[in-house]
Amino acid sequence: MRHVDVAVAGLGLSGAATAWAAVRRGHDVAAFETYEAGHRRGSSHGHSRIFRRAYLDPFYVELTGRAGHLWERLAAETGQNPLDRVGGIDHGPGRGPEDMTVLLREHGVAAELLDREEAARRFPGIRFAGPATYDPEGGVLDPEAAVASMVRLAVAGGAQVAYETPVRDIEEDGDGVRFRAGDETWHARTLVVAAGSWVGPLLGGLVPLPRLTVTEQPIFYFAPYEPGPWPTIVHGATSESPEMYALPEGPLVKVGDHVHGGVTTADGRDFAVPAEARSRAVEYVREWLPGLDPDPRSETTCLYTRAPGEDFILDRQGPIVVCSPCSGHGAKFAPLIGELVTDLVEGAEPIARFALTPPA
Ligand SMILES: Cc1cc2nc3c(=O)[nH]c(=O)nc-3n(C[C@H](O)[C@H](O)[C@H](O)COP(=O)(O)OP(=O)(O)OC[C@H]3O[C@@H](n4cnc5c(N)ncnc54)[C@H](O)[C@@H]3O)c2cc1C
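*Asks:* An account of the nonpolar core is needed here, citing residue identities and associated values.
*Replies:* Trp71, Met150, Val192 and Leu314 are the most contacted members of the largest nonpolar core, which totals 52 residues. With sequence-adjacent residues up to four places away left out, Met150 is seen in contact with Leu13, Ala16, Ala17, Trp20, Leu74 and Ala334. Within the second largest apolar cluster, 27 residues are counted, among which are Ala7, Phe32, Ile170 and Ile320.

Printed below as a string of structure tokens:
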């Protein structure tokens with residue numbers, strides 16, 4: 001049997017960040033991933049995710065600030081910056097631009113409240129029905145580049161990393177946990193389960209989890225009529241459309257619907273894009289993003305794992321740490337997730353809101 005201090009199951013953004021943080025803090029780490037590096041079956045593939053300070057909840061505004069510093073640290077340690085701060089726009093009644101701007105400014109973000117005319121002047125590719133918040137710290141993250149950088153740093157710091165090696169048959173064992181990985185049996189003092197949409201199937205029965213709902217989210221790519229910088233956009237629900245988001249990825253703009261997505265399982269999803277989702281995205285672009293050609297250039301899907309209240313689950317039961325930070329907005333926090341999970345590995349109490357049994 002092989003022994004390690006900290007084992008990590010899963011090398012998406014969360015597992016890669018955990019391996020990097022745990023190694024940096026002096027732990028002996030082994031990390032395992034079911035599939036090949038850069039696979040597209042989970043939640044961390046592709047080249048764009050929104051980073052924003054803009055939340056209406058001060059708890060998350062504070063966490064985005066901490067995460068932002070850690071993204072800068074990653075860039076400094078690798079010489080490659082996965083975060084391009086192109087700026088972010090939040091608009092629509094559901095985003096409360098007036099309150100949002102005040103909250104961000106209270107947290108030291110130089111956010112601006114743009115009236116409708118000023119917003120339209122600055123961002124002619126977007127249609128505004130009211131005011132907008134401009135978040136200058138917002139930007140686009142490249143998740144695949146970030147995973148690769150964090151894994152590289154973890155390996156450079158001594159972590160063992162094995163791809164195409166699923167973790168299975170987990171059982172508590174004396175002072176730790178025993179599991180199979182590939183052909184070998186391992187014993188770890190702590191096992192971090194950062195398995196994305198597979199957290200439920202992998203831990204079912206071992207750790208009582210809150211309800212986790214896996215959905216397959218379609219994403220569409222549109223071409224701008226004019227070249228030029230695009231901000232990231234979160235458009236709160238209107239009477240005609242659900243909350244939508246958009247962000248530049250290379251020469252195209254990616255558009256997604258945060259709300260609708262077919263309920264599925266990590267292994268049962270079919271990678272298909274429903275026709276009504278495509279129609280909804282095209283209609284949305286026609287109505288609200290006049291700077292884009294509404295004929296999609298490409299499309300794909302990605303898995304959300306939604307926890308109650310769109311919060312995360314970061315907690316420990318005995319030697320097992322549950323790391324499920326998705327709910328469709330976890331990417332921006334990845335390096336902070338690595339730190340928070342390593343805190344749990346070292347015996348810290350969970351953040352109450354992220355506990356397996358959150359406060360009522
Ligand atoms: C369409 C879409 C858009 C999003 N947009 C944003 C955004 O704009 N901003 C933002 O902040 N967040 C966004 N997110 C959320 C963000 O991408 C996720 O929070 C993040 O990628 C979750 O990473 P993860 O590592 O927890 O999960 P995953 O990336 O799914 O990684 C889990 C890994 O565990 C592996 N695994 C599973 N079982 C095992 C096992 N038994 N043994 C070993 N390995 C295993 C899987 O193969 C997988 O590689 C979006 C998500 C989606 C799907």
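*Asks:* Break down the pattern of salt bridges for me, citing the residues and quoting the values.
*Replies:* Under the criterion given, the structure shown has 27 salt bridges. For Glu243, the salt bridge goes to Arg95, with nearest N and O atoms at 3.9 Å. Placement of the pair is Glu243 in the loop between β14 (232-235) and β15 (244-249) and Arg95 in the loop between β5 (88-91) and α3 (97-106), with a sequence separation of 148 residues. Its relative accessible area of 8% is what places Arg95 among the buried residues. Residue Arg278 is joined to Glu299 by a salt bridge in which the shortest nitrogen-to-oxygen separation is 2.8 Å. Pair noted here: Arg278 is in helix α7 (residues 275-288) and Glu299 is in strand β18 (residues 292-306), with a separation of 21 residues, a long-range link. Residues participating in the shared-partner salt-bridge network are Arg24, Arg25, Glu339, Asp343 and Glu346.

*Asks:* How would you sum up the packing of helix α1 (residues 13-24) against helix α8 (residues 334-345)? Please name residues and give values.
*Replies:* Between α1 and α8, whose axes approach to 7 Å, the crossing angle comes to 55 degrees. The orientation of α1 with respect to α8, classified from their angle, is oblique. You can see that α1 and α8 cross each other, and the crossing is right-handed. Along its contact with α1, which presents Leu13, Ser14, Ala17, Thr18, Trp20, Ala21, Ala22 and Arg24, the element α8 presents Ala334, Pro335, Ile337, Gly338, Glu339, Val341 and Thr342. Taken together, the residues of the contact of α1 with α8 break down into 9 nonpolar, 4 polar and 2 charged.

*Asks:* Lay out the packing of aromatic side chains in plain terms, naming residues and giving numbers.
*Replies:* This structure, assessed with the given rule, holds 13 aromatic pairs. Ring plane angle 35 degrees and centroid distance 5.3 Å describe the contact between Phe312 and Phe354, whose orientation is recorded as tilted. Here the residue Phe312 occupies a position in the loop between β18 and β19 (313-317), and Phe354 occupies one in the segment after α8, the gap between them amounting to 42 residues. This pair shows no difference in class: Phe312 is buried, exactly as Phe354 is. One aromatic cluster is present, formed by Tyr55, Phe59, Tyr60, Phe312, Phe333 and Phe354 through successive ring pairs. Between Arg122 and the ring centre of Tyr134, over which it is positioned, the NZ or CZ distance is 5.3 Å.

*Asks:* Describe the site of the ligand, naming the residues involved and giving the relevant values.
*Replies:* The environment of the ligand is made up of 34 residues, and the closest members are Glu33, His39, Ser44, Ile50 and Cys302. Measuring from a nitrogen atom of the ligand, one finds a backbone N or O atom of Thr34 at 3.2 Å. Contact with the protein chains removes 97% of the 1,000 Å² of surface that the ligand exposes when unbound. Contributions of two or more residues to the shell around the ligand are made by α1, β3 (49-51) and β18.

*Asks:* Tell me about α1, and please be specific about residues and values.
*Replies:* Compared with an ideal rise of 1.5 Å per residue, which puts 12 residues at 16 Å, α1 spans 16 Å between its outermost C-alpha atoms and is within 8% of the ideal. The buried fraction of α1 amounts to 11 of the 12 residues, a majority that puts the element mostly inside the structure. Here α1 has its buried residues at Leu13, Ser14, Gly15, Ala16, Ala17, Thr18, Ala19, Trp20, Ala21, Ala22 and Val23. Taken from the residues just after α1, Gly26 is the one with a positive phi, measuring 90 degrees.

Quick notes on the rules
Residues numbered from 1 in each chain as written. Predicted model: local features only at pLDDT ≥ 70, side-chain atom pairs only at ≥ 80, totals over all residues. Heavy atoms only, no water. Core = buried A, V, L, I, M, F, W, Y, C linked by side-chain atoms within 4.5 Å. Buried < 20%, exposed > 50% of the residue type's maximum accessible area, 1.4 Å probe, protein only. Contact = heavy atoms within 4.5 Å. Salt bridge = Lys/Arg side-chain N within 4 Å of Asp/Glu carboxyl O. Helix = DSSP H or I, 4+ residues; strand = E, 2+ residues; numbered from the N terminus. Axes fitted to C-alpha atoms, helices over the stretch in contact; angles between N-to-C directions. Parallel < 35°, antiparallel > 145°, perpendicular 65-115°, else oblique. Left-handed = near helix turned anticlockwise from the far one by under 90°. Nonpolar A, V, L, I, M, F, W, Y, C, P; charged D, E, K, R; others polar. Phe/Tyr/Trp six-rings, centres within 6.5 Å; stacked < 30°, edge-to-face > 60°. Lys NZ or Arg CZ within 6 Å of the ring centre and 35° of its normal. Near = heavy atom within 4 Å. Polar contact = N/O pair within 3.5 Å; in protein donor to acceptor, adjacent residues only side chain to side chain. Areas by Shrake-Rupley, 256 points an atom, 1.4 Å probe, with all protein chains shown as cover. Expected span 1.5 Å × (residues − 1).

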